[in-house]
Amino acid sequence: MATTTTTVELGERSYPIVIGHGLLGRYDLAAHVQGRDCLVVSNETVAPLYLKALTVCLGGKSVASIALKDGEAWKTLSAVESILDRLVESGANRDTTVIALGGGVVGDIAGFAAACYMRGVGFIQVPTTLLAQVDSSVGGKTGVNHPGGKNLVGAFHQPRIVLIDTDTLQTLPDRELKAGLAEVIKHGAIADAGFFAWLEANMPALLARDPEALAHAVRRSCEIKAAVVAEDEREAGRRAILNFGHTFGHAIERCQGYGEWLHGEAVAAGMVMAAALSDIDDEARGRIAALIESAGLPAAPPKIGSAAMSAAMGMDKKVQDKKLRFVLLDRLGHAFTTADFDAQRLAAIVAAVDG
Ligand code: NAD
Ligand code: GLY
């Protein structure tokens, strides 16, 4: 399997996404590090698996590391503070590079710390979950949760390179692999009907972690996300299509209190709901639900109650003036955002979460 490179085209801040297998322990990442000093931010699960191999890629550099606690619950400002403390204590300067080794949680925290330290130091993403490889490591969104909301505190801070070793997916728990597949399916649904059909044919291979199939899914997802980000880095418009299924999905997560379903699981059910709200034919809706089911993901929301779901979506009376916007499909492989949707149909979709 060849190593490939996709570029996120952002003028002088453009950066490569290098995708291949066997890259950790072999790829010359040091060539992408400006100064001498690197701080690798990982967590207590991923560091024992891959930190040694990443350090080999940084030969000739001075490499320090920090292992955060594992889990969304630790995606907090205090985790950022612990990284900043370490940077200050070690006398890090503007040439220091922060490297995230882990899933989306580690990437979001480390990226935000890199954005804050000295108003921004170099940042590199080495994502090790499928979700991080196909979504969170690309595009520069960084941040942490606040008691008042998920991802409420953050910054845009693009990495200098994203290094994806698809071999790391072999150690990923099954449930996390499937959650990542939800975002892969999303990319097909919103931007590439041919890729969607490829996923239908190759889902068994993906679930069996066939290296070639995984590499193709990661590569095509990164190409799609890179193109959207290049068009609309700060989400002034088009980038919002990446949130297909997320209005419903976030509401599911919020109602459950976070942590019951994984983000990808909630997005999976959310995509089926968003497809139901879209003006597409029944065959396309059926294909979306079937692909999600074939990935072992939920195609229906949990019975969280329509009142709670409406409130979580901002549909309740208190926020009546706020106009809801949805990402909908006008055909399989093409999405758009709109505030002009069938309110009756939405009410029926939300009513389905009553027990
Ligand atoms: P995660 O980072 O919590 O990783 C999932 C689990 O897998 C963790 O326990 C982790 O330690 C473990 N793990 C990671 N790599 C492993 C490997 N190779 N082998 C074995 N175990 C491994 O979860 P995630 O799904 O990667 O990321 C979710 C986070 O990403 C959320 O906080 C979400 O808000 C964020 N996110 C950010 C963006 C963005 O654009 N910045 C986009 C989507 C999601
Ligand atoms: N995950 C959506 C985005 O990066 O814009």
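Description of the structure in this document. All values reported here derive from a predicted model rather than from experimental measurement. (Residues numbered from 1 in each chain as written. Chains lettered and ligands numbered in written order. Predicted model: local features only at pLDDT ≥ 70, side-chain atom pairs only at ≥ 80, totals over all residues. Heavy atoms only, no water.)

## A word on the overall build of the protein
Turning to step 1, where the next piece is worked out: From N to C terminus, the protein includes 12 helices and 11 strands.
Turning to step 2, where the next piece is worked out: Seen through its C-alpha atoms, the protein measures out along the principal axes to roughly 60 × 45 × 35 Å.
Turning to step 3, where the next piece is worked out: Looking at the protein residue by residue over its 355 residues, the buried ones come to 54%.
Turning to step 4, where the next piece is worked out: Once local pairs closer than 6 in sequence are excluded, the contacts in the protein between residues at least 24 apart make up 74%.
Turning to step 5, where the next piece is worked out: Of the charged side chains in the protein, 34 are positive and 41 negative; the average position of the first set lies 4 Å away from that of the second. (Helix = DSSP H or I, 4+ residues; strand = E, 2+ residues; numbered from the N terminus. Buried < 20%, exposed > 50% of the residue type's maximum accessible area, 1.4 Å probe, protein only. Contact = heavy atoms within 4.5 Å. Lys, Arg positive; Asp, Glu negative; His and termini not counted. Charge placed at Lys NZ, Arg CZ, Asp CG, Glu CD.)

## A word on the pattern of salt bridges
Turning to step 1, where the next piece is worked out: All told, the structure shown has 16 salt bridges when counted by the stated rule.
Turning to step 2, where the next piece is worked out: Asp 108 is the salt-bridge partner of Lys 75, the closest N and O atoms lying 2.8 Å from each other. With Lys 75 in the loop between strand E4 (62-68) and helix H2 (77-89) and Asp 108 in helix H3 (residues 104-116), this pair connects stretches of sequence that are 33 residues apart.
Turning to step 3, where the next piece is worked out: Bridged by salt links that share partners, the residues Asp 135, Glu 183, Lys 186 and Lys 225 form one connected network. (Salt bridge = Lys/Arg side-chain N within 4 Å of Asp/Glu carboxyl O.)

## A word on the sheet that holds strand E3 (residues 37-43)
Turning to step 1, where the next piece is worked out: Taken in spatial order, the 7 strands make up an open sheet running E1-E2-E9-E6-E5-E3-E4, and their pairing is mixed. Looking at which strands have only one partner, the edges of the open sheet turn out to be strand E1 (4-8) and E4. The average angle at which neighbouring strand axes cross in this sheet is 20°, direction not considered.
Turning to step 2, where the next piece is worked out: Pairing between strand E2 (residues 15-20) and strand E9 (residues 161-165): 4 bridges, direction parallel. Pairing of Gly 20 across the sheet is with Asp 165, part of E9.
Turning to step 3, where the next piece is worked out: In this fold helix H1 (residues 47-57) packs onto E3, E4, strand E5 (97-102) and strand E6 (122-127), with an angle of close to 160° to the strand it touches most, E3.
Turning to step 4, where the next piece is worked out: Contacts from H2 reach E3, E4 and E5, with the element oriented near 155° to E4. (Pairing = 2+ DSSP bridges. Axes fitted to C-alpha atoms, helices over the stretch in contact; angles between N-to-C directions.)

## Some remarks on the packing of helix H6 (residues 193-207) against helix H10 (residues 282-294)
Turning to step 1, where the next piece is worked out: Look at H6 against H10: their axes get within 10 Å of each other, and the N-to-C directions meet at 15°. Between H6 and H10, the angle falls in the class roughly parallel. Helix-helix and strand crossings are classified by hand; for H6 and H10 the assignment is left-handed. Between H6 and H10, the residues in contact are Phe 196, Ala 197, Leu 199, Glu 200, Met 203 and Leu 207 and Arg 287, Ile 288, Leu 291 and Ser 294, respectively.
Turning to step 2, where the next piece is worked out: Of the residues belonging to the contact of H6 with H10, the class tally is 7 nonpolar, 1 polar and 2 charged. (Parallel < 35°, antiparallel > 145°, perpendicular 65-115°, else oblique. Left-handed = near helix turned anticlockwise from the far one by under 90°. Nonpolar A, V, L, I, M, F, W, Y, C, P; charged D, E, K, R; others polar.)

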